[in-house]
Amino acid sequence: MKKITKAVFPVGGMGTRFLPATKSIPKELLPIIDKPLIQYAVEEAIEAGIETLIFITSASKHAISDHFDPMPDLRAKFVSQNKQHLVKKLDTLPLEIQRVFIPQGQPLGLGHAVLQAEAMIEDDEMFAVILADDFIQAEYNPLRRLIAVAESNGRATISVEAVERQRISSYGVIAPGQWQGDHVSVNEIIEKPDAASAPSEFGVIGRYVLPQSIFAVLSQTQMDKNHEIQLTDALKELIQLDGLQAVKLAGQRFDCGSQDGFVLANLHVAMQDGDLNQKIRSYLTEH
Ligand code: G1P
């Protein structure tokens, strides 16, 4: 099997929960303090060995491409002023990392977005999918762990975590088999079930490692009632064909597609900074 070196970033979503900010700013560029969500996701990917970034975009997302462009004039100015800390902040993407932008065309769901990457993936190749609004803080790079498990047997591998019951209907949910340490074979997967019919407490979070064979499955996957092609429905099919495994996330995840998750992620990161930590604490004691 080829080494896993490509990652797909579906960034075509509207970000309606963050309107009006997302009228002109892609939701993936919303910052956790000073660094956009997409930048965190890209750094995680590169650290896990990814060399090609494939963004599946929609119109009005040009700012994502701009974000990763070099700014040679400003960079030279900071260098001449010996402002190394600012130079570091400008270098958003190592030059050797390839990036590709593919328009999704129509907003037909996550499965449809992933399908647009088909031409970029070779026959015997597995690839990663990263949803930038699942913001993860972990000691061990979550994608690297997923890749290690996927490379051990060549099977599709997804990331899961225990989700509170009242939120389970916002996730793909798995029926796990027998856990072996942090990973498990998946017996069933359902997209956004009612709390009452959820097969377990384990919700899928936005990190996947998929085989090339997922494209054939996706192209046959029926649209759901909202006229979207769900990746989860293709994964359900994949269980029958090749098998599917899940890895339990070891880290803290914030759902930055929701306002509370986004605010908490900012607070979490702010509290790790000595100065901000003190300012937030004194604000909270005064209010
Ligand atoms: C998507 C997937 C869902 C998964 C979730 C993780 O849903 O369809 O299975 O659990 O991402 O964030 P979305 O958040 O796009 O509604």
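For clarity, every value in this text was computed on a predicted model and none was experimentally measured. All residue numbers refer to positions counted from 1 along the written sequence of the respective chain. Per-residue local features are limited, in this predicted model, to residues with pLDDT of at least 70; the limit for side-chain atom pairs, both in listing and counting, is 80 or more; totals at the level of whole chains, interfaces and linings are taken over all residues. Side-chain measures here rest on the full set of heavy atoms in the structure, leaving out hydrogens and waters.

Asks: Go over the overall build of the chain, please, and point to the residues and values.
Replies: Note on conventions: DSSP H or I runs of at least 4 residues are helices, E runs of at least 2 residues are strands, and numbering of each starts at the N terminus. Each helix and strand counted, the chain has 10 helices and 13 strands in total. Our radius of gyration looks at C-alpha atoms and nothing else; its globule reference is 2.2 Å times the residue count to the power 0.38. The C-alpha radius of gyration computed for the chain amounts to 19 Å, which stays within 12% of the reference 19 Å derived for 287 residues, consistent with globular compactness. Each of the three principal axes of the chain carries a C-alpha extent, and together these read 60 × 45 × 35 Å. Throughout this description, buried means an accessible area under 20% of the type-specific maximum (1.4 Å probe, protein chains only), exposed means over 50%, and partly exposed covers the range between. Per-residue burial over the chain gives 47% buried out of 287 residues. Here a residue-residue contact requires only that any non-hydrogen atoms of the pair lie within 4.5 Å. The contacts in the chain between residues at least 6 apart in sequence include a share of 76% that link residues at least 24 apart.

Asks: With reference to specific residues and values, describe helix α6 (residues 142–153).
Replies: What sets the pattern is the α-helix's 3.6 residues per turn: residues three or four places apart point alike. Those residues of α6 lying buried are Pro142, Leu143, Leu146, Ile147, Val149 and Ala150. All buried residues of α6 project into a common sector of 165° when viewed along the axis, lining one side. At the exit of α6 stands Gly154, carrying a positive phi of roughly 75°. For this quantity, the arc is that covered by the directions from the helix axis to the C-beta atoms.

Asks: I'd like to hear about the site of the ligand, residue by residue, with values.
Replies: Taken together, 13 residues lie near the ligand, and Asp134, Gly172, Glu191, Lys192 and Val204 sit nearest. As used in this structure description, the phrase polar contact means that two N or O atoms lie within 3.5 Å; if the pair is within protein, one of them must be able to donate a hydrogen and the other to accept it, and residues adjacent in sequence are counted only when both atoms belong to side chains. Asp134 has a polar side-chain atom sitting 2.7 Å from an oxygen atom of the ligand. In these tables, accessible area is a Shrake-Rupley quantity obtained with a 1.4 Å probe, and a residue counts as shielded only by the protein chains included in the view. The fraction of the free accessible surface of the ligand (380 Å²) that becomes covered by protein chains is 77%. Comparing atom positions with the cavity grids shows the ligand to sit within the largest pocket. Ranked by residue count, the leading element in the shell around the ligand is strand β11 (residues 202–211), at 4 residues. Among the residues making up the shell around the ligand, the classes are represented as 6 nonpolar, 4 polar and 3 charged. Near, as used in this document, describes a residue that has one of its heavy atoms within 4 Å of the molecule or strand being considered. The way it works is a 1 Å grid over only the protein atoms, where trapped points that fit a 1.4 Å probe form a cavity and open points with protein on both sides within 12 Å along at least five of seven lines form a pocket, and then any residue with an atom within 4 Å of a point lines it. Put plainly, a molecule is in a cavity or pocket when over half of its atoms are within 2 Å of the grid points there. Put simply, Ala, Val, Leu, Ile, Met, Phe, Trp, Tyr, Cys and Pro go in the nonpolar bin, Asp, Glu, Lys and Arg in the charged bin, and everything else, Gly too, in the polar bin.

Asks: Now, about the environment of Phe18: what can you tell me, with residues and values included?
Replies: Mapped onto the secondary structure, Phe18 falls in the loop between β1 (6–10) and β2 (31–32). When the C-alpha atoms of Phe18 and Pro70 are compared, they prove to be 28 Å apart, with 52 residues separating the residues in sequence. Every residue in contact with Phe18, bar those within four places of it in the chain, is listed here: Leu30, Cys256, Gly257, Ser258, Gln259 and Phe262.

Asks: Give me the lowdown on the layout of surface pockets, citing residues and values where you can.
Replies: A volume near 1300 Å³ is recorded for the largest pocket. If you go around the largest pocket, you meet 42 residues; those closest to its centre are Arg17, Lys27, Leu110, Asp133 and Lys192. At the level of secondary structure, the elements contributing two or more residues to the lining of the largest pocket comprise α5 (110–115), β11, α8 (231–241) and β13 (252–255). Sort the elements by how many residues they give to the lining of the largest pocket and β11 lands first, with 4 residues. Residues belonging to the lining of the largest pocket are distributed by class as follows: 14 nonpolar, 14 polar and 14 charged. Grid points are joined across faces, edges and corners, and a volume is the space filled by probe spheres set on the points. Here the second largest pocket defines a volume of roughly 400 Å³.

Asks: Can you tell me about α8, naming the residues and giving the values?
Replies: Among all positions of α8, only Leu231, Thr232, Ala234, Leu235, Leu238 and Ile239 are buried. The arc enclosing the buried residues of α8, seen along the axis, measures out at 155°, which places them on a common side. Exposed residues pointing more than 90 degrees away from the buried face of α8 are listed as Gln240 and Leu241. Once α8 finishes, Gly243 follows within two positions and takes phi at roughly 95°, a positive value.

Asks: For the nonpolar core, give the residues involved together with the corresponding values.
Replies: Membership of the largest hydrophobic core comes to 36 residues, with the highest contact counts inside it found for Phe127, Ile158, Ile174, Tyr208, Leu210, Ile214 and Leu235. With 5 residues, α8 is the single largest residue contributor to this core. Not counting residues up to four positions away in its chain, the partners in contact with Ile174 are Ile158, Val160, Val184, Val186, Glu188, Ile189, Pro199, Ser200, Phe202, Val204 and Ala246. By size, the runner-up hydrophobic cluster in this structure holds 28 residues, among which are Phe9, Ile147, Val149 and Val247. We call a set of buried Ala, Val, Leu, Ile, Met, Phe, Trp, Tyr and Cys residues a nonpolar core when their side-chain atoms join them within 4.5 Å.

Asks: I'd love a proper account of unusual backbone geometry, names of residues and values included.
Replies: A cis amide bond links Leu19 with the next residue in sequence, Pro20, at an omega value of 5°. Locating Pro20 in the fold gives a position in the loop between β1 and β2. A positive phi is found at Asn82, a non-glycine position, where the angle reads about 60°. For Asn82, the position within the fold is in the loop between α3 (72–80) and α4 (84–90). For Asn82, a relative accessible area of 58% translates into the label exposed. For Lys192, which is not glycine, the phi torsion reads 45° and is therefore positive. Tracing the backbone through its elements, the reader meets Lys192 in the loop between β10 (183–191) and β11.

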